Amino acid sequence: MIRIAINGYGNLGRGVEQAVAKNADLEVVVVFTRRDPASVKTLGAPVAHLDEAAQWVDKVDVCVNCGGSATDLVDQTPATAQLFNVVDSFDTHARIPEHFATVDAAATKAGHVALISAGWDPGLFSMLRVLGEAVLPDGQSTTFWGPGVSQGHSDALRRIDGVVDAKQYTLPVPEAVQAVKDGTAGELTTRQKHTRDCYVVAAQGADLEQIEKQIVEMPNYFADYDTTVHFVSAEELASEHSGIPHGGQVIRRGTTSEGIHETIGYELALDSNPEFTGSVLAAVARAVAKMAARGESGARTVFDVTLGDLSHRSAEDLRAGSL
């Protein structure tokens, strides 16, 4: 059995615990939390305060860090890599090289394997972009996200004065998706590829026009997109928008000779973003355990993982049943 620790128990941490339960070779032995352990209700795993993590060094094979990328993982992953082999889902794309270097220094010094930025993007989609480019070097890759809930953008909405609660959906433009598949898209702008729908519960007496203006003009989040704001009641938000679905697709279109076009596509449609991401992290934790068993150390990404390491099946079984 590969013994898993979960560091942080929000939606993603619970998703990891659910995923591990579906893998016969994995088990969650502890959940670490910064909260009062007595206040954390898991699906069965014991809970310990993060300050006690050092006491679990000989009882954990891989620690899965489930904090947020903005403020948590930049500190959590290097810190826990000093104690355990670790996995995280750091998804601030522009800062991945910086995060990798920091984690690599900590993991190498401790003799542990630390795999960062696992999930579905970055993660599975990253692998598919590289695969598509390797197979069709004369071509172009395009990634579409959604339809689904963006948790980071939803949080940005909730930080606006006068907003009580909100959900934001990222929606790919169907015509843009089809144009990419047909090879007629050319270079698409951000606005041409996606739209954003916002469902907002406003405080009583709040200035709705001012809230909408702040949303559609918000840089880095909504200003570059055609954004629609819907003001709804708390009851409607709870009844109609309580889930956390998501998805997306990677499309690689290229030519193999003059006038001969080839297309590779990979698509996800998720009822639960955190549960699916937790499933990816569980598989990657298995791979990390195998890497560590071979004596490897230092930081890794999904580009360093083999399909055999991700699978619970033996190499012989894979050759017999999947080739």
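Everything below is about the structure shown above.
The text that follows walks through the structure, step by step, so that each part is easy to find. Note that the structure is a prediction, hence the values are computed from the model and not measured.

### Details of the overall build of the protein chain
So, step 1. A count of helical and extended segments in the protein chain gives twelve helices and 14 strands.
So, step 2. Since a compact globule built from 323 residues should have a radius of gyration of about 20 Å, the 21 Å found for the protein chain is in line with a globular shape.
So, step 3. Taking the principal axes of the C-alpha coordinates as reference, the protein chain spans close to 60 × 55 × 35 Å.
So, step 4. Burial analysis of the protein chain (323 residues in total) assigns 47% to the buried set.

### Quick look at the layout of surface pockets
So, step 1. Quantified by volume, the second largest pocket comes out at close to 290 Å³.
So, step 2. What lines the second largest pocket is a set of 18 residues, among which Gln140, Thr142, Val180, Ala185 and Gly186 lie closest to the centre.
So, step 3. Every element with two or more residues in the lining of the second largest pocket is listed here: β7 (139-145), α6 (174-182) and β12 (246-257).
So, step 4. Of the residues contributing to the lining of the second largest pocket, the split by class is four nonpolar, eleven polar and three charged.

### Some details on the environment of Ala179
So, step 1. With respect to the helices and strands, the residue Ala179 is situated in helix α6.
So, step 2. With 53 residues separating them in the primary sequence, Ala179 and Ser126 have C-alpha atoms 22 Å apart.
So, step 3. Discounting chain neighbours no more than four positions away, the residues touching Ala179 are Thr184 and Ala185.

### Thoughts on the nonpolar core
So, step 1. By size, the foremost hydrophobic cluster in this structure holds 33 residues, and its most contacted members are Ile4, Val16, Val62, Val87 and Val284.
So, step 2. Of all the secondary structure elements, the ones that give two or more residues to this core are β1 (2-7), α1 (11-20), β2 (26-33), β4 (62-65), β6 (113-115) and α10 (273-293).
So, step 3. Look past the residues within four positions of Val284 in its chain and what remains in contact with it is Val87, Leu115, Ala118 and Leu310.
So, step 4. In terms of nonpolar packing, the next biggest core, distinct from the first, is built from 21 residues, Ala5, Val30, Phe32 and Ala299 among them.

### Things to note about the sheet that holds β6
So, step 1. With parallel pairing, the seven strands of this open sheet are ordered in space as β3-β2-β1-β4-β5-β6-β14. Edge positions in the sheet fall to β3 (47-49) and β14 (298-300), since each has one partner strand and no second. Direction aside, neighbouring strands of the sheet carry axes that sit 25 degrees apart on average.
So, step 2. Pairing of β4 with strand β5 (residues 85-87), which is carried by three bridges, proceeds in the parallel orientation. For Cys63, the partnering residue across the bridge sits in β5 and is Val86.
So, step 3. The strands touched by helix α2 (residues 73-81) within the sheet are β1, β4, β5 and β6, with β4 carrying the most contacts at an inclination of about 175 degrees.

### Focus: the packing of α2 against helix α3 (residues 96-110)
So, step 1. Interhelical geometry of α2 versus α3 gives an angle of 15 degrees and a closest axis separation of 8 Å. The angle between α2 and α3 places the two elements in the roughly parallel class. You can see that α2 and α3 cross each other, and the crossing is right-handed. Contact residues: α2 offers Leu73, Val74, Thr77, Pro78 and Ala81, while α3 offers His99, Thr102, Val103, Ala106, Ala107 and Ala110.
So, step 2. The residue makeup of the contact of α2 with α3, split by class, is eight nonpolar, three polar and no charged.

### Digging into the packing of α1 against α10
So, step 1. In the contact formed by α1 and α10, the axes pass within 7 Å of each other and the chain directions differ by 55 degrees. The orientation of α1 relative to α10 falls into the category oblique. Taken as a pair, α1 and α10 cross one another with a handedness that is right-handed. Contact with α1, carried on its side by Asn11, Leu12, Gly15, Val16, Gln18, Ala19 and Val20, involves Pro274, Glu275, Thr277, Gly278, Ser279, Leu281 and Ala282 of α10 and no other residues of that element.
So, step 2. Its residues placed into classes, the contact of α1 with α10 shows seven nonpolar, six polar and one charged.

### A closer look at the pattern of salt bridges
So, step 1. Applying the stated criterion across every chain, the model contains 14 salt bridges.
So, step 2. Here Glu296 and Arg294 are joined by a salt bridge, their closest N and O atoms 3.2 Å apart.
So, step 3. Salt-bridge contacts for Arg300 lead to Glu296; the nearest nitrogen and oxygen are separated by 3.3 Å.
So, step 4. Judged by its relative accessible area of 17%, Arg300 falls in the buried class.
So, step 5. A single salt-bridge network, built from bridges that share partners, covers Arg294, Glu296, Arg300 and Asp309.

### Things to note about the side chain of Ser272
So, step 1. With respect to the helices, strands and loops of the structure, Ser272 is situated in the loop between β13 (260-270) and α10.
So, step 2. Of the polar contacts made by the side chain of Ser272, one reaches the backbone nitrogen of Glu275; its length is 3.2 Å.

### Looking at helix α5 (residues 151-158)
Note on helix geometry: an α-helix contains 3.6 residues per turn, so any two residues three or four positions apart are oriented the same way.
So, step 1. All buried positions along α5 are accounted for by His153, Ser154, Ala156 and Leu157. Within α5, the buried residues cover an arc of 155 degrees as seen down the axis, which keeps them to one side.
So, step 2. The secondary structure elements touched by the buried residues of α5 are β8 (148-149), β9 (163-172), β10 (194-202) and α8 (208-216).

Definitions and limits used
- Residues numbered from 1 in each chain as written.
- Predicted model: local features only at pLDDT ≥ 70, side-chain atom pairs only at ≥ 80, totals over all residues.
- Heavy atoms only, no water.
- Helix = DSSP H or I, 4+ residues; strand = E, 2+ residues; numbered from the N terminus.
- Rg over C-alpha atoms; globule rule 2.2 N^0.38 Å.
- Buried < 20%, exposed > 50% of the residue type's maximum accessible area, 1.4 Å probe, protein only.
- 1 Å grid on protein atoms, 1.4 Å probe; cavity = no way out; pocket = protein on both sides within 12 Å on 5 of 7 lines; lining within 4 Å.
- Points joined across faces, edges and corners; volume = space filled by probe spheres on them.
- Nonpolar A, V, L, I, M, F, W, Y, C, P; charged D, E, K, R; others polar.
- Contact = heavy atoms within 4.5 Å.
- Core = buried A, V, L, I, M, F, W, Y, C linked by side-chain atoms within 4.5 Å.
- Pairing = 2+ DSSP bridges.
- Axes fitted to C-alpha atoms, helices over the stretch in contact; angles between N-to-C directions.
- Parallel < 35°, antiparallel > 145°, perpendicular 65-115°, else oblique.
- Left-handed = near helix turned anticlockwise from the far one by under 90°.
- Salt bridge = Lys/Arg side-chain N within 4 Å of Asp/Glu carboxyl O.
- Polar contact = N/O pair within 3.5 Å; in protein donor to acceptor, adjacent residues only side chain to side chain.
- Arc of directions from axis to C-beta.

Interpretation note: all reported values are geometric properties and have no functional meaning in isolation.
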